[in-house]
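Fold and geometry: a report
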Amino acid sequence: MELQSALTLFGSFGLLMAVGVPIAFAIGIATVVTFMLFMTFNQSVYITAQQMASGLDSFTLLAIPFFILAGNIMNRGGIALRLIEFAKVLGGRLPGSLAHCNVLANMMFGSISGSAVASAAAVGGVMAPLQKKEGYAPSYSAAVNIASCPTGLLIPPSTTFIVYSLITNGTSIAALFVAGYVPGILMGLGIMTVAGIIAKKRGYPVAPRPSLDEVVRKTADAILPLGLIFIVMGGIIGGVFTATEASAAAVVYTLFLALVWYREIKISDLPGIILESAVTTSIVLLMIGCSIAMSKVMAFADIPYTISDILLGLSDNPIVLLLVINLALLVVGTFMDMTPALLIFTPIFLPVVAGLGMDPVHFGVVMTFNLCIGICTPPVGSALFVGCSVAKVSIGDVLKPLLPFYGVLIAMLLLVTFVPELSLALPRLLLGY
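Residues numbered from 1 in each chain as written. Predicted model: local features only at pLDDT ≥ 70, side-chain atom pairs only at ≥ 80, totals over all residues. Heavy atoms only, no water.

**Details of the state of the cysteines**
Basically, it comes down to this: For this text, the term disulfide refers to a pair of cysteine sulfurs within 2.5 Å. Between buried and exposed lies partly exposed: a residue is buried under 20% and exposed over 50% of the maximum accessible area for its type, with that area taken using a 1.4 Å probe on protein chains only.
Per the stated rule, a full pass over the model turns up 0 disulfides. Here cysteine 372 stays free of any disulfide, with the sulfur of cysteine 376 as its closest cysteine sulfur at 7.5 Å. Take cysteine 372: its relative accessible area is 0%, and that puts it in the buried class. The structure places no disulfide on cysteine 388, whose sulfur is separated from the nearest cysteine sulfur, that of cysteine 376, by 11 Å.

Below you can see the structure in the form of structure tokens.
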């Protein structure tokens, strides 16, 4: 019965995706169809709706709309420009300096906004014309921007880790947030290394040395935006507030910066920003609700444990199993968005890695890192589409320049997978995890 349930669930889901049904509806319909193996149609619909509603009834999930709102306020409030100017100071003397600025700006803005797509649009929209003016190939500029925009999904605060905590029944959000720092920085440094090698070979220019006055001014401009990270993470690590309360504090702080300090937005702009945030939140939460229902039908049919038994039957070597899981997630990431992939496959793979003795915080970082690569890859990578759009290049033109970046991202993924201390050292040091 487990095999029949798995074939029904994933077969109907794959078929619906293939004919163009939106992913949230494909997940929901596949869940109802699978429940019908055990009960009537009316009961299946009722239980699916009930699981969606109860799954979304979570205090932890309140952090998602708040962080989305904070990110939209920052995107409209001039924060990205100030971080880009600061990134120019940090990366200005390296070969292909504007490419390094792009990576550093994505790391900073992405971590603050919590959105790879927003980072690709905001940072790429500013950097692409500057790089073109300096003689950079547009496809190279787009590749750097696309590969680096997901770094902010690892560097906290990250809504992805909040979703993972919900799925795994309360894995510490604070530990997940802190665990993401080193892998996120490694991801950025890996991209910068490849970008620097390519820039050196192509003879891309190095920016002139900035004056001391310029360094001081641009650093001062970036202090307040970067202060959000210290407020959110300092408050969580210090036990001042929870991740959900930190998200509300982030909204208050960004409103102060955008409305009062920088005056980049007006009160009259707020309804539009709130509406945009509400639409984005509704899309995310619909996917989460449907994915939670799918997780329930998988548990009801014992699908995760069946797959776990199959994987554990393949080999008892932890290295082989982790390679198989990473390969499966890399394939999944090419055709599925990050949030539903996390919600569907965490319950499947978590029992396997738990059997190997892998820490759930470490696995959360590995899954997130893996799926970050997926949003940069065709055919459905959201960061890939946005990055190409803002750089005004086709997907076909940017795929070849992206190949070396895919290579270094996979190398960094394997490093994070097989060296647990890269993820767990900071949570143990700062939180006593």
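Structure shown, so let's carry the discussion forward.
**Description of the environment of glycine 78**
What counts, and what does not: We count a stretch as a helix when DSSP gives it H or I for four or more residues in a row; a strand needs E for two or more, and each element gets its number in order from the N terminus.
Positionally, glycine 78 belongs in the loop between helix H4 (63-76) and helix H5 (79-91). Sequence separation between glycine 78 and serine 308 is 230 residues; the distance between their C-alpha atoms is 48 Å.

**Overview of the packing of aromatic side chains**
Definition in use: Any pair of Phe, Tyr and Trp rings, taking the six-membered ring for Trp, is counted once the centres come within 6.5 Å. Such a pair is stacked with planes under 30 degrees apart, edge-to-face with planes over 60 apart, and tilted for the rest.
The tally for this structure, following the rule as stated, stands at 7 aromatic pairs. Seen in terms of ring centroids, tyrosine 136 and tyrosine 204 are 4.5 Å apart; in terms of plane orientation they differ by 25°. Their pairing is stacked. Of this pair, tyrosine 136 sits in the loop between helix H7 (116-133) and helix H8 (138-148) while tyrosine 204 sits in the loop between helix H11 (181-202) and helix H12 (212-237), and the two are 68 residues apart along the sequence. Each member of the pair tyrosine 136 and tyrosine 204 is classed as buried. Between phenylalanine 256 and tryptophan 261 the ring centres are 6.3 Å apart and the planes differ by 40°, which places this aromatic pair in the tilted class. Given a relative accessible area of 52%, tryptophan 261 falls into the exposed group. Three or more aromatic residues link up through ring pairs in this structure, and these residues are Phe35, Phe38 and Phe300.

**Considering the pattern of salt bridges**
Put simply, the test is: Every case where a carboxyl oxygen of Asp or Glu lies within 4 Å of a side-chain nitrogen of Lys or Arg is listed as a salt bridge.
Overall, the coordinates contain 4 salt bridges when judged by the stated rule. Among the salt bridges present, the one from glutamate 85 reaches lysine 218, with a minimum N-O distance of 2.9 Å. One end of the pair, glutamate 85, is in helix H5; the other, lysine 218, is in helix H12, with 133 residues separating them in the sequence. Accessibility expressed as a relative area gives 29% for glutamate 85, which makes it partly exposed. Overall, lysine 218 belongs to the buried group, its relative accessible area being 10%. With a shortest N-O distance of 2.4 Å, glutamate 421 and arginine 428 are connected by a salt bridge. Classification of arginine 428 as partly exposed rests on a relative accessible area of 37%.

**Comments concerning H12**
Keep this limit in mind: A residue's bend is given by the angle between axes fitted to the 7 residues ending at it and the 7 residues starting at it.
Within H12, the axis deviates most sharply at leucine 224, by approximately 40°, and proline proline 225 lies no more than four positions further along. Among the residues of H12, those classed as buried are Lys218, Ala222, Pro225, Leu226, Gly227, Leu228, Ile229, Val232, Met233, Gly235 and Ile236. Following H12 by one or two positions, glycine 239 adopts a phi angle in the positive range, close to 75°.

**Things to note about the packing of H11 against helix H20 (residues 395-418)**
Put simply, the test is: Angular values range over 0 to 180 degrees, each being the angle between N-to-C directions of two axes fitted as lines to C-alpha atoms, with helices fitted over their stretch in contact. Small angles under 35 degrees read as roughly parallel and large ones over 145 as roughly antiparallel, with 65 to 115 read as roughly perpendicular and the rest as oblique. We call a crossing left-handed when the near helix sits turned anticlockwise from the far one by less than a right angle, and right-handed when that turn is clockwise. Residues are treated as being in contact if the distance between any of their heavy atoms lies within 4.5 Å. The nonpolar class holds Ala, Val, Leu, Ile, Met, Phe, Trp, Tyr, Cys and Pro. Asp, Glu, Lys and Arg form the charged class, and all remaining residues, Gly among them, are polar.
Contact geometry of H11 with H20 gives a least axis separation of 9 Å together with a crossing angle of 150°. Here H11 lies roughly antiparallel to H20, going by the angle between them. Once H11 is placed against H20, the crossing between them reads as right-handed. Every residue of H20 that contacts H11 at Pro183, Leu186, Met187, Gly190, Ile191, Val194, Ala195 and Ile198 is listed here: Pro404, Phe405, Val408, Leu409, Met412, Leu415 and Val416. Here the residues of the contact of H11 with H20 are counted per class, giving 14 nonpolar, 1 polar and no charged.

Treat this as a map of the structure, not an account of what it does.
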